[in-house]
Amino acid sequence: MGLYLLLLASYCLAIIGLLYLKRSAIKVGVKTLAFALLCAAANQSPQLAPFLAPLFILLTAIDGAWSGALVALAGGVTGAATGKLPWLSAAGEVLFGSLLGFLLTLDYSDPLPRRLREPEVASVLASLVSWPTPLSFALASVPELTLKGNLLSLGKFFLPLPAIFLGALLFRLSPLYKPPPIRSGNPSPMARSTAMAFVSWFLALYLLIFLASIAVLTFVRTKGELEAAYDGLKQTLSSVSLSIQRAEKLADYILSLPAGEREKAITSLCPSSCSIVRPGDSLETLPPEEREALARSWPLSRPYYSQGNWLFALIRTQGPEKLLVRVAIEKPNLCFWVKEPNLFLCPVGVPEDFGDKIVLKGENALAFLPVGEVVGRINRFIALFALVQLFILLSLVAVASVLTSRLTRPLEELSRRAVRLAGGNLDENLSLVRDDEIGKLARALEKMRQYLRQRMDESYALLRISQKALSEPELEKGIEILLSGLRDLTKAAGAAFVILDRNGLVSDCIALGRIWQDAKGKPPSACSRLLAIQGEPVVIPFVREAPIILREALQEIGARSAIGIPLQNGLLWFTFSHPLQFSSSELSLINAIAGQLDVMAEN
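This is a predicted model, so every value here is computed, not measured. (Residues numbered from 1 in each chain as written. Predicted model: local features only at pLDDT ≥ 70, side-chain atom pairs only at ≥ 80, totals over all residues. Heavy atoms only, no water.)

Asks: I'm lost on the sheet that holds strand S11 (residues 538–540) in this one. Help?
Replies: Sheet strands associate in pairs through backbone hydrogen bonding, adopting either a parallel or an antiparallel arrangement. Taken together, five strands build an open sheet; the order of strands is S10-S9-S13-S12-S11 and the sheet is antiparallel. With one partner strand each, in any of the chains shown, strand S10 (506–513) and S11 form the two edges of the open sheet. Sheet twist, expressed as the mean angle between neighbouring strand axes with direction ignored, is 10 degrees. Where strand S12 (residues 561–566) lies against strand S13 (residues 570–576), six bridges are found, and the strand directions are antiparallel. Looking at S13, one finds that Pro566 is bridged to Leu571. Contacts from helix H16 (residues 526–534) reach strand S9 (494–500), S11, S12 and S13, with the element oriented near 120 degrees to S13. Together, S11, S12 and S13 form the strand contacts of helix H17 (residues 548–557), whose direction differs from that of S13 by roughly 55 degrees. (Pairing = 2+ DSSP bridges. Helix = DSSP H or I, 4+ residues; strand = E, 2+ residues; numbered from the N terminus. Axes fitted to C-alpha atoms, helices over the stretch in contact; angles between N-to-C directions. Contact = heavy atoms within 4.5 Å.)

Next comes the structure, spelled out in structure tokens:
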């Protein structure tokens, strides 16, 4: 009873867990109520229930775990209340409905969830996991069928499974089937699908190992119990045969004595187990089995129970007297065999149809053992083994869920932050306090966010500077504003914009900070001529790498690096007081501003 209640409680917990996972998808309508009534009606027929009830549950489980569970609950409770189903089977039916609804409405788009959402796959998987399953019934019946030599009848337990598969397949191919939509906003489906795949394959592997082990154990245990039963029956037959031989020798000795000495011999040898019956003696004091044997002239009586012991009587006739020698036996499961007229004298209440018993025949008796007794011992052992395995499985699933959640939770959190970042929230911090690959990915994304934020800030600053410069009516003042803003953005020590006329002379020079000054109306400085002759940007990350002319100029003003950009109408210089570490995007920003300066110089 305790095992039954423990299993029932475990299935209730599984149902509650599945419904909790789908707590936001409660959908009950007229269809659910209609199929609940049909399922309840189907469970009133134990022969049709395994084929019809799953079909009704399937038609509503497509709406979710709650709909499938409610239909199964209506059918299971009705069947159990009317005595058509055991309560454990009713709980298994509810578990089937909730698990089927959970699988059919998986909200992920990876290959494994897509496969599990197919009705035929979900139905078979849910029926195998739920209790009682065809396989569970079959394993529980192996000992009895083995003892009866009728293992081929195991096939009847698997008939509902292909029926469920066929019904689900036809449902999927019919116009009634409409796959539930997948919500695009569900966070991190890849992470949860990965966890689901891991747990699913792990459970499948463990289930195969468990079923193989319990099947092997069932056959091994059945064989062992049979061998033990036959050994016990052999010992019983040997003990009974020896007892009969001793009783026959005692009876022969007593009957060989003169009539006057027989009473004395009985008093001295077997006062409580021997008696002489003479014609006219009252038989009312004798047990019914002895009276029957005396009346029918049987050499042995049926085994009977008297004063806490199982006995039988050996009967010998000499003249008008009959001698009864009572013999105690250890086990009551005996039927004596009388060769003439070929009778089986069994205890009262034991039918002579031995189809449900293990029977071993000896010279004078048959020893038997009810099959149910052997099956009960085997099933108790298998149930205990299955219960231990169930707890091991649940423990492993819990550990696997914890381990996979360590993967899914940070990925989901990172996914949610990335979605907010993609929506324009550049203040969202993407870093996670982890040292594994997920932490490295988060830190890399955080660097990208910071870089993007910096570039956006620079772009906004450039836009404001450009707008301010273009709104200035004096071009020279506007150029100075733009150059000053660019210097601030690049954190340069100095900036200079040299405008050349058509003759190559300096038309104007706007210099800010630590940088050389080109004189108006004169040829450009040596550094500017070098840049103009080269005709392409010059990047000097370290002063020691600069050409000698440029190196002397940089050392003179105390700069450690520089950038020079030739323009169509002039030259643009930046000097820095630190080694240069510019990225390509920063150079692109400088080139963009330089283009605006060039346009303003042209004007």
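Next, the rest of the story.
Asks: How should I be thinking about the sheet that holds strand S6 (residues 343–345) in this particular structure?
Replies: Spatially, four strands are ordered S6-S5-S8-S7 in an open sheet, and the strand pairing comes out antiparallel. Here the strands that pair on one side only, and so sit at the sheet edges, are S6 and strand S7 (357–361). Taking each pair of neighbouring strands and ignoring which way they run, the sheet shows an average axis angle of 25 degrees. Two strands pair when backbone bridges link them, and S7 and strand S8 (residues 365–370) are joined in this way by five bridges, in the antiparallel orientation. Looking across to S8, one finds that Leu360 is bridged to Ala367.

Asks: Just checking my understanding: could you explain the pairing of S10 for this structure?
Replies: Every regular strand shows the same layout, with side chains that alternate between the two sheet faces. Taken together, the seven bridges between S9 and S10 define a ladder with antiparallel strand orientation. For Phe497, the partnering residue across the bridge sits in S10 and is Ile510. Adjacent in sequence and paired antiparallel, S9 and S10 are bridged by five residues, among which Gly504 carries a positive phi angle near 85 degrees.

Asks: Help me understand the state of the cysteines in this model?
Replies: Covalent bonding between the sulfur atoms of two cysteines defines a disulfide. Applying the stated rule across the entire model yields two disulfides. With a sulfur-sulfur separation of 2.0 Å, Cys270 is cross-linked through a disulfide to Cys274. Between Cys270 and Cys274, the disulfide has an S-S torsion of -110 degrees and is therefore left-handed. By the burial criterion, Cys270 is buried, and Cys274 matches it. Here Cys335 is linked by a disulfide to Cys346, with a sulfur-sulfur distance of 2.0 Å. Taking the sign of the S-S torsion, about 120 degrees here, the bridge from Cys335 to Cys346 comes out right-handed. You can see Cys335 sitting in strand S5 (residues 334–338) and its partner Cys346 sitting in the loop between S6 and S7, a full eleven residues away along the chain. Within the protein chain, bonded cysteines paired by disulfides and numbered along the sequence follow the pattern 1-2, 3-4. (Disulfide = S-S within 2.5 Å. Buried < 20%, exposed > 50% of the residue type's maximum accessible area, 1.4 Å probe, protein only.)

Asks: Help me out: how do you make sense of the environment of Ala49 in this one?
Replies: Locating Ala49 in the fold gives a position in helix H3 (residues 49–61). In this structure Ala49 comes out as buried when scored by relative accessible area, which is 7%. With 30 residues separating them in the primary sequence, Ala49 and Gly79 have C-alpha atoms 9.4 Å apart. Each residue touching Ala49, except ones within four places of it in the same chain, is listed here: Ala42, Asn43 and Pro54.

Functional significance is not addressed by these values, which are geometric in nature.
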